[in-house]
Amino acid sequence: MKIFLDTANLDELKKAAAWGVVDGVTTNPSLIAKEGIKIEEQIARICDIIDGDISAEVISTTAKEMVEEGRKLAKIHKNVVVKVPLIRDGIQACSELSKEGIRLNVTLCFSPAQALLAAKAGAYIVSPFVGRLDDIAQLGMELIESITTIYGNYGYTTQVLAASLRSPLHVAQAAEVGADIGTLPFKVLDQMFNHPLTDKGLEIFLKDYAKAFETSK
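Our subject in this report is the structure included herewith. (Residues numbered from 1 in each chain as written. Predicted model: local features only at pLDDT ≥ 70, side-chain atom pairs only at ≥ 80, totals over all residues. Heavy atoms only, no water.)

1. Examining helix α8 (residues 140–154)
Here is step 1 of the chain: The first and last C-alpha atoms of α8 sit 22 Å apart over 15 residues, in line with the 21 Å expected at 1.5 Å per residue.
Here is step 2 of the chain: If you check which residues of α8 are buried, you get Gly140, Met141, Leu143, Ile144, Ile147, Thr148 and Tyr151. Buried residues of α8, viewed axially, fall in a sector of 150°; they line one side. Of the exposed residues in α8, those oriented more than 90 degrees away from the buried face are Gly152 and Asn153.
Here is step 3 of the chain: The positive-phi residue at the C-terminal boundary of α8 is Gly155, with phi of around 70°. (Helix = DSSP H or I, 4+ residues; strand = E, 2+ residues; numbered from the N terminus. Expected span 1.5 Å × (residues − 1). Buried < 20%, exposed > 50% of the residue type's maximum accessible area, 1.4 Å probe, protein only. Arc of directions from axis to C-beta.)

Dropping the structure here:
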């Protein structure tokens, strides 16, 4: 499973890039707004840090405007994936732009039926949200599993990106059910390193080594 970082913060991206485990980045209007820099400039900076798929989301709500905006976003960098919402106009824009060779990430997916529409419209990636379904007492991971099954049944090549992953457990579960990609905040990626037995084991190893050499002096 590929790991994408869900952020537009350059400091977080630089730190994560140094670990060598990040395959791409997802952004949205909220994340871009948080950084206070226009999307064209910020996406270009992100592309300089991470060599992988970088999702840049439209802020238009009509198909015509999404198509025009999507073309502009796609020109920022060869790694840009244009992100559109899973609404009627978004699916129409996806269908038109995908025929032009532009890669689309269809976001805000909350049902298998919606995911089927995204695949039929030629989406490169579909982004079902896990955590937000959990918030309303639905099992978000079951959505990921259903979509991977449907795509497998019919040979759709649209990648399933598990979004709204809020813990290392979410990440592991997404991998278990066959998600192609998991996108997560920097905090969750950082938490994935942690285990008390790792810390305890390293402490013992270093103490034993130090003790042996101190004794031999």
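So, next bit.
2. A short note on the side chain of Thr158
Here is step 1 of the chain: Relative to the assigned elements, Thr158 resides in the loop between α8 and β7 (159–162).
Here is step 2 of the chain: Polar contacts involving the side chain of Thr158 include one to the main-chain carbonyl oxygen of Ala123, which spans 2.7 Å.
Here is step 3 of the chain: Discounting chain neighbours no more than four positions away, the residues touching Thr158 are Ala119, Ala123, Tyr124, Ile125, Val126, Tyr151 and Asp180. (Polar contact = N/O pair within 3.5 Å; in protein donor to acceptor, adjacent residues only side chain to side chain. Contact = heavy atoms within 4.5 Å.)

3. A few points about the state of the cysteines
Here is step 1 of the chain: Per the stated rule, a full pass over the model turns up zero disulfides.
Here is step 2 of the chain: Distance from the sulfur of Cys94, which forms no disulfide, to the nearest cysteine sulfur (Cys109) is 12 Å.
Here is step 3 of the chain: Of the residues examined, Cys94 reaches a relative accessible area of 0% and is grouped as buried.
Here is step 4 of the chain: Cys109 gets classed as buried once you look at its relative accessible area, which sits at 0%. (Disulfide = S-S within 2.5 Å.)

4. A short note on the packing of helix α1 (residues 10–19) against helix α3 (residues 39–49)
Here is step 1 of the chain: Two elements in contact, α1 and α3, have axes whose closest approach is 10 Å; the angle formed by their N-to-C orientations is 15°. The pairing of α1 with α3 is recorded here as roughly parallel in orientation. As α1 runs across α3, the sense of the crossing is right-handed. Along the contact surface, α1 presents Leu10, Leu13, Lys14 and Ala17, while α3 presents Gln42, Arg45, Ile46 and Ile49.
Here is step 2 of the chain: Classifying every residue of the contact of α1 with α3 gives five nonpolar, one polar and two charged. (Axes fitted to C-alpha atoms, helices over the stretch in contact; angles between N-to-C directions. Parallel < 35°, antiparallel > 145°, perpendicular 65-115°, else oblique. Left-handed = near helix turned anticlockwise from the far one by under 90°. Nonpolar A, V, L, I, M, F, W, Y, C, P; charged D, E, K, R; others polar.)

5. Comments concerning the pattern of salt bridges
Think of it this way: side chains of opposite charge can pair up when their charged atoms draw near.
Here is step 1 of the chain: In this structure the tally under the stated criterion is six salt bridges.
Here is step 2 of the chain: Arg45 is paired through a salt bridge with Glu41; the nearest N and O atoms lie 2.6 Å apart. Here Glu41 and Arg45 lie together in helix α3, a separation of four residues that amounts to about one turn.
Here is step 3 of the chain: Arg45 gets classed as partly exposed once you look at its relative accessible area, which sits at 34%.
Here is step 4 of the chain: Judged by its relative accessible area of 40%, Glu41 is partly exposed.
Here is step 5 of the chain: Here Asp135 makes a salt bridge to Arg166, at a shortest N to O gap of 2.7 Å. A residue pair is termed long-range when its members are at least 10 positions apart, and Asp135 in helix α7 (residues 131–135) and Arg166 in the loop between β7 and α9 (168–176) qualify at 31 residues. (Salt bridge = Lys/Arg side-chain N within 4 Å of Asp/Glu carboxyl O.)

6. Focus on unusual backbone geometry
Here is step 1 of the chain: Even without a glycine there, the phi angle at Leu108 is positive, about 60°.
Here is step 2 of the chain: Along the polypeptide, Leu108 turns up in strand β5 (residues 104–109).
Here is step 3 of the chain: Residue Ser164 is not a glycine yet carries a positive backbone phi of 60°.
Here is step 4 of the chain: Counting through the fold element by element, Ser164 comes out in the loop between β7 and α9.

7. Some points on the pairing of strand β3 (residues 53–57)
Here is step 1 of the chain: Most of β3 sits out of view: five of its five residues are buried.
Here is step 2 of the chain: Alternating positions in β3 separate into two faces, Asp53, Ser55 and Glu57 on one and Ile54 and Ala56 on the other, with burial throughout.
Here is step 3 of the chain: When strand β2 (residues 24–26) meets β3, the two strands line up parallel, connected through three bridges. Within β3, the residue paired with Thr26 across the bridge is Ser55.
Here is step 4 of the chain: Here four bridges tie β3 to strand β4 (residues 80–85), and the two strands are oriented parallel to one another. When the sheet's bridge partners are listed, Ile54 is paired in β4 with Val80. (Pairing = 2+ DSSP bridges.)

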